[in-house]
Amino acid sequence: MAMGIHNRVTLLLALLLTAALLLLPFLNWAPNRLVSGQPLALPQIAKGMWLLLPALLLLALAFVPQKRLTLILILLCSEALLVALVAAGGMAAAALAQHGSPLARASYGSGFWLAAALALLIAADAVSRLTPGLLWRLLLNGQIWLPVIVLLANGQLDALSLLKEYANRRDVFDQALSRHLLILSGTLVPALLVGIPLGWYCYRRPALQPAVFSTLNIIQTVPSVALFGLLMAPLSGLARAFPALSSIGISGIGIAPALIALVLYALLPLVRSIVAGLQNVPEAVTETARGMGMKSGQIFWQVEVPLALPVLLAGLRVTTIQTIGMTVIAALIGAGGFGAIIFQGLLSSALDLVMLGVIPVIALAVIADTLFKLLISITEAKRQ
């Protein structure tokens, strides 16, 4: 009797993972940071072929009935593979550094990045099958990164080009992180101060919704670089006409036009979620509150907002992740943040410098997404 396929997702991802390890370069070795260098395949890495063992085990587990023990094995195997991929790259870079010049650079190749992404997808699929609870999913997905963090903390990846770039630019990295978070908070706070009253007013006056949403849609369709450019001239004129504005940082370039543009972009998803959330509040509940003698303000804050909170948080989640990504573009007008590191790397053709800016942006987006998912699940549980 032929053995059937019990997990097509794991089978497909494991096949792609194996192909990535065998066909794509695992590491890149270059004499300095500006040269593309020489790709190194997995067989050229010391003990690199051992990485195929967990990949082959994942292929075999796809043919086993997907019971709880099988799913746990898939999770552990994919996690072990991810850690092994990271550690193998660090050890290979350290071995190469002993025979090269101080300027030489070893960086992860496309085979590593694709294999690591596929291993994470396999782990995420196993976690989703193991438990329906959001909190347990977040915890199981989060613990995957603990061994990688240990490797980083122990200095076992310091020979990699990415870590060398970080060591050389630690102060720049810290400044970029603080500026990125400053722009994020400087966008969300005004967006909430404008978006909540505007959303409430649109909910109370449905006739205004087409005009408001049409205006916000038009703003949303304007490319970010174009909107930054449109704001430069009027802000420069204001700074020249009123020197006091220039003294507090308002000018045609820098953080001021970035914040204005990002707040305008944030309004559409935020206002839409506020209107949708308030519309989902049962009318019988508000009528009951009104019958109890509650005033409009009390009904809004004590009845409508708690019931609409999951939808409001979903809109704020979209706004936050959108802002984290778009802040990168704001570096083109001197706003700073991780975009400055990314564009510096692009201009100097230094891929690892680009990755030094890209990876924390992705990490910030993932952390924000996870926190909002957790908050939404908590508020929904309280409603029930």
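So, how was this worked out
Residues numbered from 1 in each chain as written. Predicted model: local features only at pLDDT ≥ 70, side-chain atom pairs only at ≥ 80, totals over all residues. Heavy atoms only, no water. Helix = DSSP H or I, 4+ residues; strand = E, 2+ residues; numbered from the N terminus. Buried < 20%, exposed > 50% of the residue type's maximum accessible area, 1.4 Å probe, protein only. Contact = heavy atoms within 4.5 Å. 1 Å grid on protein atoms, 1.4 Å probe; cavity = no way out; pocket = protein on both sides within 12 Å on 5 of 7 lines; lining within 4 Å. Points joined across faces, edges and corners; volume = space filled by probe spheres on them. Nonpolar A, V, L, I, M, F, W, Y, C, P; charged D, E, K, R; others polar. Phe/Tyr/Trp six-rings, centres within 6.5 Å; stacked < 30°, edge-to-face > 60°. Pairing = 2+ DSSP bridges. Axes fitted to C-alpha atoms, helices over the stretch in contact; angles between N-to-C directions. Parallel < 35°, antiparallel > 145°, perpendicular 65-115°, else oblique. Left-handed = near helix turned anticlockwise from the far one by under 90°.

**Here we look at the side chain of His-180**
In step 1: Looking at the secondary structure, you find His-180 in helix H8 (residues 170-204).
In step 2: By relative accessible area, which is 1% here, His-180 ends up buried.
In step 3: Beyond its immediate chain neighbours, meaning those up to four positions away, His-180 contacts Ile-324, Thr-327, Val-328, Gly-337, Phe-338, Val-361 and Leu-364.

**Re the layout of surface pockets**
In step 1: In this structure, the largest pocket encloses a volume near 1,900 Å³.
In step 2: Trp-145, Ile-359, Ile-362, Ala-363 and Val-366 are the residues nearest the centre of the largest pocket, which is lined by 45 residues in total.
In step 3: Looking at the lining of the largest pocket, the elements with two or more residues in it are helix H3 (68-97), helix H4 (110-130), helix H5 (134-143), helix H6 (146-153), helix H7 (161-168), H8 and helix H16 (351-383).
In step 4: Ranked by residues supplied to the lining of the largest pocket, first place goes to H16 with 15 residues.
In step 5: Residues that form the lining of the largest pocket fall into these classes: 38 nonpolar, three polar and four charged.

**With respect to the packing of aromatic side chains**
For any pair of aromatic rings, geometry is given as the distance between the ring centres together with the angle between the planes.
In step 1: On inspection of all chains with the given rule, the structure shows six aromatic pairs.
In step 2: With a centroid separation of 5.8 Å and 80° between ring planes, the pair formed by Tyr-108 and Trp-113 is classed as edge-to-face.
In step 3: For Tyr-108, a relative accessible area of 13% corresponds to the buried category.
In step 4: Judged by centre distance (5.2 Å) and plane angle (85°), the rings of Tyr-166 and Phe-173 are edge-to-face.
In step 5: Residue Phe-173 is classed as buried on the basis of its relative accessible area of 14%.

**What about the pairing of strand S1 (residues 27-30)?**
In step 1: Two elements, S1 and strand S2 (residues 38-40), share three bridges in a ladder whose sense is antiparallel. Note on S2: the bridge partner recorded for Trp-29 is Gln-38.

**A closer look at the sheet that holds S1**
In step 1: Strand order in the open sheet made by the three strands is S2-S1-S3, with antiparallel pairing throughout. The open sheet terminates on both sides in strands that have one partner only, identified here as S2 and strand S3 (105-108). Between one strand and the next, the sheet's axes are offset by a mean angle of 25°, whatever the strand orientation.

**Quick look at the packing of helix H1 (residues 8-23) against H4**
In step 1: Close contact between H1 and H4 brings their axes to 8 Å; oriented N to C, the two are set at 165°. Of the possible angle classes, the one that applies to H1 and H4 is roughly antiparallel. Relative to H4, H1 is oriented so that their crossing is left-handed. In contact with Val-9, Thr-10, Leu-13, Ala-14, Leu-16, Leu-17, Ala-20 and Leu-21 of H1, H4 contributes Gly-111, Leu-114, Ala-115, Leu-118, Ala-119, Leu-121, Ile-122, Asp-125 and Arg-129.
In step 2: The residue makeup of the contact of H1 with H4, split by class, is 13 nonpolar, two polar and two charged.

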